[in-house]
Amino acid sequence: MNRSSGPVTEILWFRRDLRLTDNPALRAALAAPGPAILVYIDAPQDEGDWPQGAASRWWLHHSLQALAREIGRLGGELFYLRGSAPLCLARLVRQYGARRVHAARRYEPASRAQVAAVAEAVAALGAALELHAGNYQHAPETIVKDDGTPYRVYTPWWRRWRSAGLSGSVQPPPARIPPPPAPPEHAAELSDLKLLPRIPWDREFPAHHRPGEAGALDRLETFVAKRLAGYARNRDQPAVDGTSGLSAHLHFGEITPRQAVAALLETAGPARANDPLEAAEPWLKELAWREFSCQVLFHFPDLPHRPIDRRFEAFPWQEATPKLLEAWQQGRTGIPLVDAGMRQLWRSGTLHNRVRMVVASFLTKNLLLPWQLGQRWFWDTLVDADLASNAQNWQWVAGCGLDAAPYYRIFNPLRQAQRFDPDGEYIRRWVPELKDGDSNYPEPMVDLAATRERALAQYQAIRTAPVA
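What counts, and where the lines are drawn
Residues numbered from 1 in each chain as written. Predicted model: local features only at pLDDT ≥ 70, side-chain atom pairs only at ≥ 80, totals over all residues. Heavy atoms only, no water. Helix = DSSP H or I, 4+ residues; strand = E, 2+ residues; numbered from the N terminus. Buried < 20%, exposed > 50% of the residue type's maximum accessible area, 1.4 Å probe, protein only. Contact = heavy atoms within 4.5 Å. Areas by Shrake-Rupley, 256 points an atom, 1.4 Å probe, with all protein chains shown as cover. Axes fitted to C-alpha atoms, helices over the stretch in contact; angles between N-to-C directions. Parallel < 35°, antiparallel > 145°, perpendicular 65-115°, else oblique. Left-handed = near helix turned anticlockwise from the far one by under 90°. Nonpolar A, V, L, I, M, F, W, Y, C, P; charged D, E, K, R; others polar. Phe/Tyr/Trp six-rings, centres within 6.5 Å; stacked < 30°, edge-to-face > 60°. Lys NZ or Arg CZ within 6 Å of the ring centre and 35° of its normal. Salt bridge = Lys/Arg side-chain N within 4 Å of Asp/Glu carboxyl O. 1 Å grid on protein atoms, 1.4 Å probe; cavity = no way out; pocket = protein on both sides within 12 Å on 5 of 7 lines; lining within 4 Å. Points joined across faces, edges and corners; volume = space filled by probe spheres on them. Pairing = 2+ DSSP bridges. Right-handed = clockwise from strand over helix to strand, strands pointing away.

(A) Spatial organisation of the overall build of the protein. Along the backbone of the protein there are 19 helices and five strands. Over its C-alpha atoms, taken along the principal directions, the protein stretches across nearly 75 × 55 × 50 Å. Put simply, the protein has 468 residues, and 55% of those count as buried. Counting contacts in the protein only where the partners sit at least 6 residues apart, residues at least 24 apart contribute 82% of the total. Split by element, the accessible area of the protein, about 20400 Å² in all, is 51% carbon and sulfur.

(B) The arrangement of the packing of helix α13 (residues 353–366) against helix α15 (residues 387–398) in detail. One can describe the packing of α13 onto α15 by two numbers: an axis separation of 9 Å at closest approach and a directional angle of 60 degrees. Compared by their axis directions, α13 and α15 come out oblique. Of the two possible hands of crossing, α13 and α15 adopt the one that is right-handed. Residues M357, A360, S361, L363, T364 and K365 of α13 lie in contact with α15, whose contacting residues are W394, W396, V397 and A398. Tallied by class, residues from the contact of α13 with α15 come to seven nonpolar, two polar and one charged.

(C) Local environment of the packing of aromatic side chains. Counted under the stated rule, the structure contains 26 aromatic pairs. Arranged with centres 6.1 Å apart and planes meeting at 75 degrees, the rings of Y107 and F298 form a pair that is edge-to-face. A residue pair is termed long-range when its members are at least 10 positions apart, and Y107 in the loop between β4 (100–104) and α4 (109–123) and F298 in helix α10 (residues 281–299) qualify at 191 residues. By relative accessible area, which is 18% here, F298 ends up buried. On the basis of an interplanar angle of 75 degrees and a centroid distance of 5.5 Å, the ring pair of W201 and F205 is categorised as edge-to-face. Grouping aromatic residues by their ring pairs yields a cluster made of W58, W59, W201, F205, F252, W346 and W377. Between R376 and the ring centre of W50, over which it is positioned, the NZ or CZ distance is 3.7 Å.

(D) Seen up close, the pattern of salt bridges. Tallied over the full model, the rule gives 24 salt bridges. Here D22 ties to R258 by a salt bridge, and the two come within 2.8 Å at their closest N and O atoms. Taken as a pair, D22 in the loop between β1 (10–14) and α1 (24–30) and R258 in helix α9 (residues 257–267) lie far apart in primary sequence, 236 residues in all. This pair shows no difference in class: D22 is buried, exactly as R258 is. In this structure, R219 engages D241 in a salt bridge whose closest nitrogen and oxygen atoms are separated by 2.8 Å. Remark: D241 occurs in the loop between α7 (231–234) and α8 (247–251) and R219 occurs in helix α6 (residues 213–227); sequence separation between them is 22 residues. D241 gets classed as partly exposed once you look at its relative accessible area, which sits at 41%. Residues participating in the shared-partner salt-bridge network are R16, E47, R106 and E108.

(E) Inspection of the layout of surface pockets at higher detail. The volume enclosed by the second largest pocket comes to roughly 250 Å³. What lines the second largest pocket is a set of 20 residues, among which A66, E70, G212, E213 and A214 lie closest to the centre. Those elements that place two or more of their residues in the lining of the second largest pocket are α2 (54–73) and α6. For the lining of the second largest pocket, a count of residues per class yields ten nonpolar, four polar and six charged.

(F) Broad picture of empty space enclosed by the protein. Tallying each qualifying case throughout the model produces six cavities of 30 Å³ or more. Considered as a void within the structure, the largest cavity measures approximately 190 Å³ in volume. Around the largest cavity, the lining is made up of 19 residues, and of these Y40, I41, E47, Q52 and R106 lie nearest the centre. Elements supplying a minimum of two residues to the lining of the largest cavity: β1, β2 (36–42) and α2.

(G) Main features of the environment of V431. Here V431 lies in the loop between α17 (425–430) and α18 (432–436). When the C-alpha positions of V431 and R343 are compared, they lie 7.8 Å apart, and in sequence the two are 88 residues distant. What V431 contacts, discounting residues up to four positions off in sequence, is P336, D339, A340, R343 and Y441.

(H) The side chain of R57, seen in detail. Along the chain, R57 turns up in helix α2. On the accessibility criterion, R57 (15% relative accessible area) is buried. Among residues more than four places away in sequence, those in contact with R57 are D42, Q52, L193, K194 and L195.

(I) Structural view of unusual backbone geometry. The backbone of D22 sits at a positive phi, close to 55 degrees, despite the residue not being glycine. D22 gets classed as buried once you look at its relative accessible area, which sits at 2%. Although it is not a glycine, D403 sits at a positive phi angle of roughly 50 degrees. Residue position: D403 is located in the loop between α15 and α16 (413–420).

(J) Representation of the pairing of β1. Counted residue by residue, β1 has five buried out of five residues, so it is predominantly covered. Burial along β1 is two-sided: the face carrying E10, L12 and F14 and the face carrying I11 and W13 are both buried. Pairing of β1 with β2 involves five bridges; the strand directions are parallel. Note that in β2 the partner of E10 across the bridge is A36. What joins β1 to β2 is α1, and the crossover it makes is right-handed.

From the geometry alone we can't say anything about function, so treat these as descriptive.
Given below as structure tokens:
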């Protein structure tokens with residue numbers, strides 16, 4: 001029964017598209033003659049084994065807060081609901097007599113199951129769920145081989161992804177959002193979602209991040225104007241702010257790859273072969289790697305739990321004792337670059353990409369601890385924790401995923417520091433006791449050379465085992 005006071009016919013279900021610009025779902029909902037109900041549903045029970053981690057929930061709180069302000073500025077209102085999405089949306093359909101629910105596509109296995117349940121629930125009430133383009137240049141099911149099978153190697157996938165064309169067509173934000181006729185019956189306050197930590201371990205996060213669409217757009221503009229030209233040279237230096245810093249903004253849909261491409265096209269200079277994006281290709285490949293990870297998860301939905309190379313299910317990992325694991329998590333390994341990275345992660349909620357590979361290699365190769373343990377820690381501590389990217393990257397470093405690093409590639413953290421942090425600026429920032437000569441800094445917990453040889457022997461044995 002429609003208990004609203006006006007002709008509400010559309011519901012917009014914000015998921016991971018927390019923006020007003022270039023939002024096809026929002027545009028479709030507002031195109032209807034009556035006002036739309038805009039909602040965000042906090043439904044950790046719908047996320048299966050992977051409800052959002054603590055650092056991501058911190059980001060989500062501030063992103064929703066920023067989105068609500070912008071919606072309010074345009075005359076509308078964002079409502080928060082708690083509970084399973086099928087139940088919450090069915091209630092809204094009943095209350096408003098809505099005919100359609102609009103949402104952006106997501107590709108995680110639990111999200112796809114959630115959408116199927118929502119579609120069934122609202123269809124039983126005479127409404128339809130309409131899905132719109134997600135936060136990718138190309139949907140993961142579209143970039144496949146000629147025979148329809150998924151790519152297992154990144155380089156040919158990248159060529160197909162690149163040749164499919166890159167759109168810089170961006171939909172403008174709405175000029176106005178009509179106010180709702182009445183709030184949802186079960187609306188909650190943002191604080192009711194309990195996204196922020198009770199213990200203020202996040203106190204340094206605001207110095208490093210600005211969640212929300214405005215922060216995303218500012219970061220993109222700064223990167224393209226000031227850092228893109230030196231990206232290929234600076235991206236591996238952790239002491240330099242040489243990367244885009246857009247991963248969390250992209251993950252939460254505060255900005256789209258289309259907007260990134262549009263910004264690149266606006267500032268493109270002369271390029272060979274009439275390709276205005278050629279100069280930006282080093283960064284485009286990183287943007288594409290995010291989409292490659294999504295297609296890997298789409299085609300291999302057990303990616304976060306099982307190695308794609310099934311031989312690694314029999315790998316003789318070491319026992320994950322609290323001493324070993326906590327030393328790595330807390331940055332107390334006695335290996336300066338590893339410790340700097342893990343402390344940066346804990347205090348800022350982010351970690352430089354080069355150092356991510358180093359700390360992951362140390363866990364899986366030098367400590368011989370399962371990659372799933374590192375994946376789970378990153379999931380809880382990264383503000384940009386993305387299920388596909390997190391699992392894909394951990395399997396890449398561990399050597400058990402698609403197009404993974406070869407088994408003999410073991411990052412030596414001392415050499416990596418000499419090469420990419422030669423003046424020790426990054427290490428001194430996050431491990432100040434080395435700068436101050438603090439005698440409490442621990443001795444190295446393992447011998448890097450000896451553990452490298454141990455890992456090589458174990459990996460060689462598993463690599464020569466028959467594929468199941």
